[in-house]
Amino acid sequence: MAAAGAESQTVQEYIVHHLSYLTFGRHPDGHWGFAHSPEEASEMGFMAIHVDTMGWSIALGAAFLLWFRRVGLRASASNPGAIQNFVESIFEFVDNRVSEGFTHKNSLIGPMALTIFVWVLLMNAMDLVPVDWITGIAAWVGEHVFGFDHMPFKIVPTTDPNITMGMSLSIFVLIIWYSIKHKGLGGFLGELAFHPFGKWMVPFNLMIEIPTMLAKPISLGLRLFGNLYAGELLFLLIAGLLGLWQLPAHFVWAVFHILVVPLQAFVFMMLTIVYLNAAHEPAH
Amino acid sequence: MDINLTIIGQSIAFAVFCWFCHRYVWPLFANVLEERKRTIAEGLEAAARAEQKLESAARQSAEQLDEAKASAAGIIEQANRRSAQIIDEARQQAQMEAERIMLAAQAEIEQEANRAKEELRAQVSLIAVAGAEKILGRAVDQAANEDMLRQLAAEL
């Protein structure tokens, strides 16, 4: 798998290529277009979008929801088929986790937990597609159809911190929203200012509580990103360095990764439920 | 880490997907599971009801069987009693009949005997006179001995 790349690239170039994004954004001179090198991509700064990870993310999310909807529309209570059973078992698994972890009333939590679990699971699972299959095809198409040399094409959305942080920051916004809604603005600020040491230690309390609060979304997003990025990087190192020995090595690492993929999706979902449950607790 | 517009794009996608799931996916499965739960609960309830009904039917049939047995036994007993009674009656009747026949026969015998006695009595005086005449060798005046002869006949 690495052979095709290794002919014309060093291992370092190979790995950099695989870790780059297909970036569309505003060039420093003001016109919009694709970045043709990692340098160009970083020059674009914030006004750029990762077409590959964003596209895979949306495609996987849409595929999951449309498929579930299709199964749901044909679902029968008395005579479920195999596919319906499968989808229902996922639904019930998530529903049980929500009813255990979330003790308040909010009809949004269940659907959100289901979306997170299945969507993140699918995005993580892209990690198990051998690293050069789709990326290699895309690079070939880029080179021969669009004249785009070394076109990067990342297929695992959760190895992009934008993707994981995009979700965790959305959840952070919800945490603040529901905290203020259920504790009141005073209750919310009071929890930040008057815990854990009472009103005479307000600056110290804020120094503890604000980082604690900010740590939630950051750790949530970075945990997922870090796990998947590390996994992907190891696949790339195996592909780039081991020659033929990569086949058993890939197998071993992929088996291990089969555990990581659902575990990280589960952790992301559970933490979301727990954080939002805490946000619904009345102020104390 | 190059943070860029992708983070906003992903936030929007997340919001849209959550909304879609909340609106178009979750309720479908929640309804199906709810419906199934209800169906199962109804089924169990119906089964419990049927079991109860079966139990009461079994009890009822046992009761009816007992009743039928009791009434059959009653009927048999009655029949036995009745047959004994009929036999008794028949026996009594037969006895009565036999007694009656015996009485009638005795009466007839007595009558016959009486008649024979009467006849004998009617003829005894003649025999006595004839005997006496033979003994005395002469005629006996029957009229003179009328009282004595009558007394003799009555003693017979």
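Residues numbered from 1 in each chain as written. Chains lettered and ligands numbered in written order. Predicted model: local features only at pLDDT ≥ 70, side-chain atom pairs only at ≥ 80, totals over all residues. Heavy atoms only, no water.

Novice: So what about the overall build of chain B? Which residues, and what values?
Specialist: If you tally the helices and strands in chain B, you get 2 helices and 0 strands. Whereas a compact globule of 156 residues would reach a radius of gyration of roughly 15 Å, chain B reaches 61 Å, over 25% beyond that. Taking the principal axes of its C-alpha atoms as reference, chain B extends roughly 195 × 20 × 15 Å. Summed over all atoms, the accessible surface of chain B reaches about 12200 Å², with 58% contributed by carbon and sulfur. In chain B, 18 side chains carry a positive charge and 25 a negative one; their mean positions are 6 Å apart. (Helix = DSSP H or I, 4+ residues; strand = E, 2+ residues; numbered from the N terminus. Rg over C-alpha atoms; globule rule 2.2 N^0.38 Å. Areas by Shrake-Rupley, 256 points an atom, 1.4 Å probe, with all protein chains shown as cover. Lys, Arg positive; Asp, Glu negative; His and termini not counted. Charge placed at Lys NZ, Arg CZ, Asp CG, Glu CD.)

Novice: Describe the nonpolar core, listing the residues and the values that go with them.
Specialist: Residues A:Phe68, A:Leu114 and A:Trp119 are the most contacted members of the largest nonpolar core, which totals 59 residues. For this core, the elements supplying multiple residues, two or more each, are helix H4 (51-73), helix H5 (82-101), helix H6 (109-125), helix H8 (161-193), helix H9 (202-241) and helix H10 (246-280) of chain A together with helix H1 (5-136) of chain B. When neighbours within four sequence positions are excluded, A:Leu114 is seen to be in contact with A:Phe64, A:Phe68, A:Ile90, A:Phe91, A:Val94, A:Trp119, B:Cys21 and B:Trp26. Counting residues in hydrophobic clusters, the runner-up holds 9 residues, among them A:Tyr14, A:Ile15, A:Ile238 and A:Trp253. (Core = buried A, V, L, I, M, F, W, Y, C linked by side-chain atoms within 4.5 Å. Buried < 20%, exposed > 50% of the residue type's maximum accessible area, 1.4 Å probe, protein only. Contact = heavy atoms within 4.5 Å.)

Novice: Tell me about the environment of B:Ile76, residues and numbers included.
Specialist: Residues and elements named next belong to chain B. Among the structural elements, Ile76 can be located in helix H1. According to the relative accessible area criterion, Ile76 is exposed, its value standing at 52%. Sequence separation between Ile76 and Ala90 is 14 residues; the distance between their C-alpha atoms is 21 Å.

Novice: Go over the interface of chain A and chain B with me, naming the residues and quoting the values.
Specialist: Each partner contributes residues to the interface: chain A has 53 residues there, and chain B has 28 residues. The contact between chain A and chain B buries some 3600 Å² in all, and 77% of this surface belongs to carbon and sulfur atoms. Counting the surface chain A buries against chain B, the share from its top three residues, A:Phe46, A:Phe91 and A:Asn162, is 18%. Connecting chain A to chain B are 1 salt bridge. Note that B:Arg36 is salt-bridged to A:Glu88, the shortest N-O span being 2.7 Å. Along the contact surface separating chain A from chain B lie 12 residue pairs in polar contact (both at pLDDT 80 or more). For the side of chain A that touches chain B, the elements supplying multiple residues, two or more each, are strand E3 (48-50), H4, H5, H6, H8 and H9 of chain A. Take the side of chain A that touches chain B: its biggest share by element is 13 residues, from H4(A). Classifying every residue of the side of chain A that touches chain B by side-chain character gives 34 nonpolar, 14 polar and 5 charged. (Buried area = accessible area lost by both parts, 1.4 Å probe. Salt bridge = Lys/Arg side-chain N within 4 Å of Asp/Glu carboxyl O. Polar contact = N/O pair within 3.5 Å; in protein donor to acceptor, adjacent residues only side chain to side chain. Nonpolar A, V, L, I, M, F, W, Y, C, P; charged D, E, K, R; others polar.)

Novice: Help me get a handle on the side chain of B:Thr6, residues and values and all.
Specialist: Residue placement: B:Thr6 occurs in helix H1. Reaching out from B:Thr6, the side chain makes a polar contact with the backbone nitrogen of A:His50 at a distance of 2.8 Å.

Novice: Which residues make up the pattern of salt bridges, and what are the values?
Specialist: Close approach of charged atoms lets side chains of opposite charge pair. Enumeration over the complete set of coordinates arrives at 11 salt bridges over all chains. A network of salt bridges, in which partner residues are shared, links B:Glu146, B:Asp147 and B:Arg150.

Novice: Let's hear about the confidence of the model for chain A: which residues, and what values?
Specialist: Residues and elements named next belong to chain A. In this model, chain A carries a mean pLDDT of 90, and residues with pLDDT of at least 70 account for 97%. At the level of individual helices and strands, chain A shows its lowest average pLDDT in helix H1 (residues 3-6), which scores 44, and its highest in H6, which scores 96. Every residue in residues 1-6 is under pLDDT 50, and counting partners more than four places away or in other chains gives 11 contacts. (pLDDT = per-residue confidence, 0-100.)

Novice: Explain the packing of H9(A) against H10(A) to me, using residue names and the numbers behind them.
Specialist: All names here are of chain A. In contact at an axis separation of 10 Å, H9 and H10 are set at 170 degrees when each is read in the N-to-C sense. Looking at the two axes, H9 sits roughly antiparallel to H10. Grouping the amino acids of the contact of H9 with H10 by side-chain chemistry returns 15 nonpolar, 9 polar and 2 charged. (Axes fitted to C-alpha atoms, helices over the stretch in contact; angles between N-to-C directions. Parallel < 35°, antiparallel > 145°, perpendicular 65-115°, else oblique.)

Novice: Tell me about the side chain of A:Arg97, and please be specific about residues and values.
Specialist: All names here are of chain A. Structurally, Arg97 can be placed in helix H5. On the accessibility criterion, Arg97 (17% relative accessible area) is buried. At a separation of 3.1 Å, a polar atom in the side chain of Arg97 contacts the side chain of Glu100.

Novice: An account of the sheet that holds strand E1 (residues 23-26) of chain A is needed here, citing residue identities and associated values.
Specialist: Residue and element names in this part refer to chain A. The sheet built from 3 strands is open, its strands ordered E2-E1-E3 with antiparallel pairing. Each edge of the sheet is formed by a strand with only one pairing partner; in this case those strands are strand E2 (32-34) and E3. Neighbour-to-neighbour, the strand axes of this sheet turn through a mean angle of 15 degrees, independent of strand direction. For E1 and E2, the ladder comprises 3 bridges, and the chain directions are antiparallel. Within the sheet, the bridge partner assigned to Phe24 lies in E2 and is Phe34. (Pairing = 2+ DSSP bridges.)

Novice: Account for the packing of H8(A) against H1(B), with residues named and values stated.
Specialist: In the contact formed by H8(A) and H1(B), the axes pass within 8 Å of each other and the chain directions differ by 55 degrees. On the basis of their axis angle, the class for H8(A) and H1(B) is oblique. Here H8(A) and H1(B) pass one another in a crossing that is right-handed. Contact with H8(A), carried on its side by A:Asn162, A:Ile163, A:Met165, A:Gly166, A:Met167, A:Leu169, A:Ser170 and A:Ile171, involves B:Thr6, B:Ile7, B:Gln10, B:Ser11 and B:Phe14 of H1(B) and no other residues of that element. A per-class count over the contact of H8(A) with H1(B) returns 7 nonpolar, 6 polar and no charged. (Left-handed = near helix turned anticlockwise from the far one by under 90°.)

Novice: For the packing of aromatic side chains, give the residues involved together with the corresponding values.
Specialist: With the rule as written, the count across this model stands at 18 aromatic pairs over all chains. Judged by centre distance (6.3 Å) and plane angle (50 degrees), the ring pair of A:Trp67 and A:Phe86 falls under tilted. Of this pair, A:Trp67 sits in helix H4 while A:Phe86 sits in helix H5, placing them 19 residues apart in sequence. Note on A:Phe86: relative accessible area 46%, which makes it partly exposed. Taking 6.1 Å as the distance between ring centres and 65 degrees as the angle between the ring planes, the aromatic pair formed by A:Phe68 and B:Phe29 counts as edge-to-face. Here A:Phe68 is found in helix H4, whereas its partner B:Phe29 is found in helix H1 on a different chain. Judged by its relative accessible area of 0%, B:Phe29 falls in the buried class. In this structure an aromatic cluster arises from ring pairing among A:Phe64, A:Trp67, A:Phe68, A:Phe86, A:Phe91, B:Trp26 and B:Phe29. (Phe/Tyr/Trp six-rings, centres within 6.5 Å; stacked < 30°, edge-to-face > 60°.)

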